[in-house]
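Structural characterization, general
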Amino acid sequence: MTSYLTGLIGSGIGPSLSPALHEREADRHGVRLVYRTIDIDVLGVAPEAVGELVRAARSLGFDGLNITHPCKQLVIQHLDELAPEAAELGAVNTVVFRGGRAIGHNTDVTGFAQSFARGLPDARTGDVVQLGAGGAGAAVAHALLNLGVDRLTLLDTDPARAAALAEALTARFGPGRAVSAAAGEAADHLAGADGLVHATPTGMAGHPGLPLPAALLRPGLWVAEVVYRPLETELLREARAAGCRTLDGGGMAVFQAADAFRLFTGLEPHTERMLADLADLAATPA
């Protein structure tokens with residue numbers, strides 16, 4: 001039987017559903033896939049150790065790795081090659097080992113875009129506010145502008161990071177499409193926005209809480225979440241209570257996983273079955 005050895009590097013990834021998603025899909029194809037979590041918190045190492053972990057995985061015969069917070073940007077300097085989308089984003093969430101080389105990809109852009117088109121197909125996209133400009137934030141921002149958002153306002157606790165991403169997006173998509181603002185200005189920008197996208201770790205099982213005051217949420221505003229574990233974050237609960245249309249992070253998790261599975265194995269994933277897997281798995285407490 002054909003077999004694959006894969007894994008996930010990141011912080012606080014114990015509750016991740018990626019291992020089960022990949023292993024269940026492999027079973028449907030009649031192949032063996034082992035997917036291991038490599039949690040830097042459990043190992044007691046800093047995010048900068050991602051390079052050493054990637055080298056170790058390559059030496060141990062891994063076929064590929066997923067990379068998540070906070071290593072998506074740090075891993076780049078340790079790779080031999082970047083696929084065009086990863087180079088453009090400056091963030092990697094999938095590493096494939098081929099012919100002795102470590103090649104970085106990013107499946108977050110297509111993952112979010114497919115999820116948004118499926119879950120909020122008729123949402124207004126004139127003016128959108130995004131919280132978070134890190135690795136996931138960069139991917140989501142590219143996806144939003146590709147989807148036709150007219151103006152994207154980026155807020156981050158690190159203003160320089162938001163400004164740098166806005167500059168990079170402007171260079172690709174043109175003047176006025178992306179701007180940055182201080183995190184404390186969320187109220188001003190949300191007042192007239194069509195939608196809010198949350199792309200920070202806040203709300204994850206290991207980082208509970210709200211990324212902004214619930215009082216800023218209102219009917220007419222749609223809210224899209226990147227966090228998927230738990231599937232229903234505090235932000236989504238408050239958003240629904242405020243009358244907002246919502247999109248959870250499950251779709252993005254599945255579609256990016258499906259694209260990664262294709263890169264790891266060369267097999268065509270069954271995305272609808274993977275969506276059903278996600279719903280089943282997410283029903284289990286984190």
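Note that the structure is predicted; figures quoted are calculated from it, not measured.

The next thing to look at is the packing of aromatic side chains. Considering all chains together, one arrives at 2 aromatic pairs under this definition. Their ring planes at 35° and their centres at 5.9 Å tell us that Phe112 and Phe116 sit as a pair that is tilted. You can see Phe112 and its partner Phe116 sitting in helix H5 (residues 108–119), 4 residues apart, about one turn around the helix. With relative accessibility at 1%, the residue Phe112 sits in the buried group. Note on Phe116: relative accessible area 5%, which makes it buried. Three or more aromatic residues joined by ring pairs make a cluster, and in this case those are Phe112, Phe116 and Trp222.

Let us look at the environment of Gly126. Here Gly126 shows up in the loop between H5 and strand S7 (127–131). In sequence terms Gly126 and Asp194 are 68 residues apart; their C-alpha atoms lie 6.5 Å from each other.

Taking strand neighbours across the sheet as the criterion, the 6 strands line up as S9-S8-S7-S10-S11-S12 in an open arrangement whose pairing is parallel. One side of each edge strand has no neighbouring strand; the edge strands of this open sheet are strand S9 (178–182) and strand S12 (246–247). Here S7 runs beside strand S8 (residues 151–156); their pairing, made up of 5 bridges, is parallel. Within the sheet, the bridge partner assigned to Val128 lies in S8 and is Leu152. Strands S8 and S9 of the sheet are contacted by helix H7 (residues 159–173), whose axis makes an angle of about 155° with S8.

What follows deals with the packing of H5 against helix H10 (residues 250–265). Where H5 contacts H10, the axes come no closer than 7 Å and their chain directions differ by 135°. Considering their axes alone, H5 and H10 lie oblique with respect to each other. Seen along the crossing, H5 lies across H10 with a hand that is right-handed. Packed against H5, whose contacting residues are Asp108, Thr110, Gly111, Phe112, Gln114, Ser115 and Arg118, the element H10 presents Gly251, Met252, Phe255, Gln256 and Asp259 at the interface.

Side chains of residues three or four places apart in an α-helix project in the same direction, reflecting 3.6 residues per turn. Buried within helix H9 (residues 234–241) are the following residues: Leu235, Leu236 and Ala239. Down the axis of H9, the sector holding all buried residues measures 95°, keeping them to one side. For H9, the secondary structure elements touched by its buried residues are strand S10 (195–198), strand S11 (222–225) and S12. Within two residues after H9, Gly243 carries a phi angle of roughly 90°, on the positive side.

By size, the foremost hydrophobic cluster in this structure holds 32 residues, and its most contacted members are Phe112, Leu144, Leu152, Leu154, Leu169, Val197 and Trp222. Counting residues per element, the ones that place at least two in this core are H5, helix H6 (135–146), S8, H7 and S11. Here the element with the most residues in this core is H6; it accounts for 7 residues. Contact partners of Leu152, with chain neighbours within four places excluded, come to Val128, Gln130, Ala141, Leu144, Leu145, Leu169, Arg177, Ala178 and Val179. Counting residues in each nonpolar core, the second largest holds 18 residues, with Ile40, Val50, Val54 and Phe62 among its members.

Looking at where Arg240 falls in the secondary structure, it is placed in helix H9. C-alpha separation for the pair Arg240 and Leu217, spaced 23 residues apart in sequence, amounts to 9.1 Å. Dropping the residues within four chain positions of it, Arg240 is found in contact with Glu232 and Thr246. Here the side chain of Arg240 touches Glu232 through a polar contact of 2.4 Å, side chain to side chain.

The rules behind each value
Residues numbered from 1 in each chain as written. Predicted model: local features only at pLDDT ≥ 70, side-chain atom pairs only at ≥ 80, totals over all residues. Heavy atoms only, no water. Phe/Tyr/Trp six-rings, centres within 6.5 Å; stacked < 30°, edge-to-face > 60°. Helix = DSSP H or I, 4+ residues; strand = E, 2+ residues; numbered from the N terminus. Buried < 20%, exposed > 50% of the residue type's maximum accessible area, 1.4 Å probe, protein only. Pairing = 2+ DSSP bridges. Contact = heavy atoms within 4.5 Å. Axes fitted to C-alpha atoms, helices over the stretch in contact; angles between N-to-C directions. Parallel < 35°, antiparallel > 145°, perpendicular 65-115°, else oblique. Left-handed = near helix turned anticlockwise from the far one by under 90°. Arc of directions from axis to C-beta. Core = buried A, V, L, I, M, F, W, Y, C linked by side-chain atoms within 4.5 Å. Polar contact = N/O pair within 3.5 Å; in protein donor to acceptor, adjacent residues only side chain to side chain.

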